[in-house]
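# Observations on the model geometry
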4 protein chains.
Amino acid sequence: MSAGRRRRWYSQKSLYNIIFGSDTTAGKRYDITLLIVIFISVIVAIWESTPRPGQTVKTILTILEYIITFIFTLEYAVRIYCHPKPKDYIFSFFGIVDLLSTLPLYLSLILPGAHYLVMIRAFRLTRVFRIFRMFTYVNEGIILLQSLKRSLSKILVYLLFVLILVTIIGTVEYVIESGEPGSGFTDLPSSIYWAIVTMTTVGYGDITPVTTFGRMLSALVMVLGYTIIAVPTGIVSANYINETRKRVKNGRCPRCGKKVEEGFKYCPHCAEKL
Amino acid sequence: MSAGRRRRWYSQKSLYNIIFGSDTTAGKRYDITLLIVIFISVIVAIWESTPRPGQTVKTILTILEYIITFIFTLEYAVRIYCHPKPKDYIFSFFGIVDLLSTLPLYLSLILPGAHYLVMIRAFRLTRVFRIFRMFTYVNEGIILLQSLKRSLSKILVYLLFVLILVTIIGTVEYVIESGEPGSGFTDLPSSIYWAIVTMTTVGYGDITPVTTFGRMLSALVMVLGYTIIAVPTGIVSANYINETRKRVKNGRCPRCGKKVEEGFKYCPHCAEKL
Amino acid sequence: MSAGRRRRWYSQKSLYNIIFGSDTTAGKRYDITLLIVIFISVIVAIWESTPRPGQTVKTILTILEYIITFIFTLEYAVRIYCHPKPKDYIFSFFGIVDLLSTLPLYLSLILPGAHYLVMIRAFRLTRVFRIFRMFTYVNEGIILLQSLKRSLSKILVYLLFVLILVTIIGTVEYVIESGEPGSGFTDLPSSIYWAIVTMTTVGYGDITPVTTFGRMLSALVMVLGYTIIAVPTGIVSANYINETRKRVKNGRCPRCGKKVEEGFKYCPHCAEKL
Amino acid sequence: MSAGRRRRWYSQKSLYNIIFGSDTTAGKRYDITLLIVIFISVIVAIWESTPRPGQTVKTILTILEYIITFIFTLEYAVRIYCHPKPKDYIFSFFGIVDLLSTLPLYLSLILPGAHYLVMIRAFRLTRVFRIFRMFTYVNEGIILLQSLKRSLSKILVYLLFVLILVTIIGTVEYVIESGEPGSGFTDLPSSIYWAIVTMTTVGYGDITPVTTFGRMLSALVMVLGYTIIAVPTGIVSANYINETRKRVKNGRCPRCGKKVEEGFKYCPHCAEKL
């Protein structure tokens, strides 16, 4: 290995520590700066969409967008450059998000709608957890995700059932209401959409039944949705409780999941009271 | 038994394996083809109801509907023909659904509204579970249904209570609001409907109180509904948790419910971590 | 005791068995007839309020109302007459409901609004449980009520907190939105009402924020309400689960609460699987 | 210490017992009177905001406001005077609330909007717990708060995820719907606001999708929100159940948390059935 290559490798490594790590002061500062830039870029995109700003503001926002895209493009290049295994980074979740964060401006030169891809940058904000060392929080998110994952198959079975139910309810309501003048139940898709809006208790009110029979069916659907809302909640709760209990039984901290010696009053890893 | 009869029986049996079974390659292919046809038929029915399509599209959809009905009628006949005990099939749940799936077009020649019975075909989509061997999922659905069944009696008692409550609240709100000009509380059914819409937190907004007293009662109803929403959720959750725990206690897998030897780390029937 | 008095007493007793009891065939028939009359009376009251019926229908409904009131008045008199301790009946819950069920027509001669008191008759429908011997259901209702009762104090503390929160949120939103032209936030009561409508996820849409700041606060309130909705549900669920577990631990059936010998697979009182 | 100083100290102490304590008859009376004044002041503020009152009523309300502010100012001064450690009181939660309760009228002479700060007085109503000796209730509130606090970190992680999700969904819906004439999706903030309104099942209906694709995404968001609503509920429930169980295991009353001897059937501190 030549001295020049070694020097380059070190500089890569120190760059890597700053950009990918968050243990050094420089690394922390870099991460916080990056977060601020991401946040600004999201705000710029949101602001740009509002019809209020005058010509001057619009020009400033466009310039800002150009600058931010330049920063992100540069950063993406440096990340690839300094990573020991560039391919691992490029095909990781954050690698793809970072790439997509740079594209919108380039794409918007070809496709007009592509401009809104800037909002993918919002995903980069999840890096906030790493910076503030919220590992415990992330760990809790993992228990949650596990509970959700374990519940997913049940919830999917349940959703298919709901979808079929909603199709049939929508059809019946359509048959009842479609004749009425000024009715919102103009076709089957609208009626199925209404059934979903009603059953999930969202209730926009853009499509509402007006006949007595339609309202009676509607009331039934609401009370049904009311009972049905209980099902996924129950599943996730049950799995979450079981997950927590299993940890305690196996002599682990219910919060961070790490092994804890018996007799300890607080988890030595996350200060959870046992 | 004559040789001809025996040959016919074998052909029936192989047809049975293809149509009712899903273990052979032919059986799987048949099931997937059928699912696609069912799905297309539902989409056709939904599309037909929209006012947008021109004459050409409408003609195509009508022809498609004729073809699909022909396929379903033929399939129903073959199913009866090849089933060893045709009566068992005809009076089974899927037998009735299959029959009803063929009828709409014939009925629509007599009754105009009957056309929408095609949506019953949506039930046939539940066959998807069988094809993709989602037995575990179905099994989970069974625990869920058991939890719901065990909770049903409690939920029914509770619903009767809610119905009486809603009737009385609707009446009181009607007495308060009906005098107001432009009020939606024109009669008792509307007011009871409003009470249900409010209590289930759907809140369409087609009927809303405008007087101060009406709004105060309305706020009370919302907060009440808020507390009441807790009841069925609690019941189903509790039953679900107990159901799962009972299985674990009896040395069974909490997911698929099958007997598991002690010391196993994963259920040998569904790979559930124990 | 004279023979005449004794005879009268027996006749009272047999009447008591018919009217108050539901064990004899006559008692059951009486109860079902009464339920039908109550149900008809509620339907008549609801129908009367609708603007559609012509003069003939209205006359019929009025006559029906007179007949039903006469039946209820007579029944109330007979109930007092045949009860061994009339005072116990008169001041019982159902005694008061029965009395109030007879009054509306008489009161409506003096007060116009009093007519709608007929809806109190809806409470009489709860007798349905007694007739169909749904003791187990009632028993489950009792566990539920106990869970609710045990949770009540916590829910009350919680509601006071919500009330104060809602007052403050409503005020802040009022300060933000009231200046806007065409805003629904015309005064503080409206704004507090809006806060309740939003927080309970009812969301009528009769009052909605239009300014950016108003919408941001509004979004915060929704997400808050979202988290807050978890609280009473959690409390009732937890109490319900504990209540059920306590029963099992004490060697009682989790459903009907009666003592069950160890080793039994089904509760001998309500057929609950143990 | 001089005799004069001691006398003053006693008079301070007796004032302290009346104003801060609620054990003596005088203390109780004082607290109830204060509560009534606070309640009146909140009602006055709400009433003042309504456009209905005539000039006479307005004058009376203004005078009442002056009187109440005078009472609160005086009371604040006396509280500081009679507290043994005035600084402790001034910087306590209730000290700040008491100060803010006196300011609105003075501030409204300078700033017009400041008038609505009177609603902070609503916080003073929480003193009601102390007066009616609802220590048990407060204690239950504490378990609840502990459950919430323990759940907070998880809920925060979850909220960040929801926020990012809502931003992306709002953007996609904006791209789909913004072209439609008369669409409510005029800019990104409106669309994100719509996503929150939909996902929390509030569903005002001020902004609703009209295109088929928009409605399909909308339906997905609702069902998603439906599943997501399960998460915080499950967390709080689980923590609450664990909190209660931990107490029972440690030989404590599940309600008030105090140590209870084994064999007791009722908690000697709060009469909870064990």
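Computed from a prediction, not measured in an experiment: that's the story for all the values here.

## A word on the interface of chain D and chain B
At the interface, five residues of chain D touch five residues of chain B. Summed over both partners, the interface of chain D with chain B buries about 280 Å², with 13% contributed by carbon and sulfur atoms. Counting the contacts that link chain D with chain B gives zero residue pairs in polar contact (both at pLDDT 80 or more). Its residues assigned to classes, the side of chain D that touches chain B comprises one nonpolar, three polar and one charged.

## Here we look at the packing of aromatic side chains
Residues and elements named next belong to chain A. Tallying each qualifying case throughout the model produces 14 aromatic pairs over all chains. Of the aromatic side chains, those joined through ring pairs into one cluster are Y16, F20, Y76 and Y89. Positioned over the ring face of F20 is R79, at 4.9 Å from the centre of the ring.

## Points about the side chain of A:S101
Residues and elements named next belong to chain A. The topology assignment puts S101 in helix α5 (residues 93-108). At 2.8 Å, the side chain of S101 and the backbone oxygen of V97 are in polar contact. With residues near it in sequence (within four places) discarded, S101 still touches F72, R121 and R124.

## Observations concerning the relation of the copies chain D and chain B
Rotating chain D by 180° and moving it 0.0 Å along the rotation axis overlays it on chain B with an RMSD of 0.1 Å. Here the copies are linked by what is in effect a two-fold axis. Of the interface residues in chain D, 100% have counterparts in chain B that sit at the interface too, so the contact is made through matching surfaces.

## Brief notes about helix α8 (residues 188-199) of chain C
All names here are of chain C. Here α8 contains twelve residues, and its C-alpha end-to-end distance of 16 Å stays within 8% of the 16 Å for a straight helix at 1.5 Å per residue. Taking burial as the measure, the twelve residues of α8 include eleven buried ones, the bulk of the element. One or two residues past the end of α8 sits T201, with phi positive at roughly 60°.

## Remarks on the confidence of the model for chain A
All names here are of chain A. Across chain A, the average pLDDT comes to 77, with 71% of residues at or above 70. Here helix α6 (residues 128-131) is the element of chain A with the lowest mean pLDDT, 60, and helix α8 (residues 188-199) is the one with the highest, 90. ipTM for the predicted complex: 0.77, alongside a pTM of 0.80.

## Description of the environment of B:F213
Among the structural elements, B:F213 can be located in helix α9 (residues 212-228). Residues B:F213 and B:Y30, spaced 183 residues apart in sequence, show a C-alpha to C-alpha distance of 64 Å.

Rules behind the numbers
Residues numbered from 1 in each chain as written. Chains lettered and ligands numbered in written order. Predicted model: local features only at pLDDT ≥ 70, side-chain atom pairs only at ≥ 80, totals over all residues. Heavy atoms only, no water. Contact = heavy atoms within 4.5 Å. Buried area = accessible area lost by both parts, 1.4 Å probe. Polar contact = N/O pair within 3.5 Å; in protein donor to acceptor, adjacent residues only side chain to side chain. Nonpolar A, V, L, I, M, F, W, Y, C, P; charged D, E, K, R; others polar. Phe/Tyr/Trp six-rings, centres within 6.5 Å; stacked < 30°, edge-to-face > 60°. Lys NZ or Arg CZ within 6 Å of the ring centre and 35° of its normal. Helix = DSSP H or I, 4+ residues; strand = E, 2+ residues; numbered from the N terminus. Least-squares fit on C-alpha atoms with pLDDT ≥ 70 in both. Expected span 1.5 Å × (residues − 1). Buried < 20%, exposed > 50% of the residue type's maximum accessible area, 1.4 Å probe, protein only. pLDDT = per-residue confidence, 0-100.

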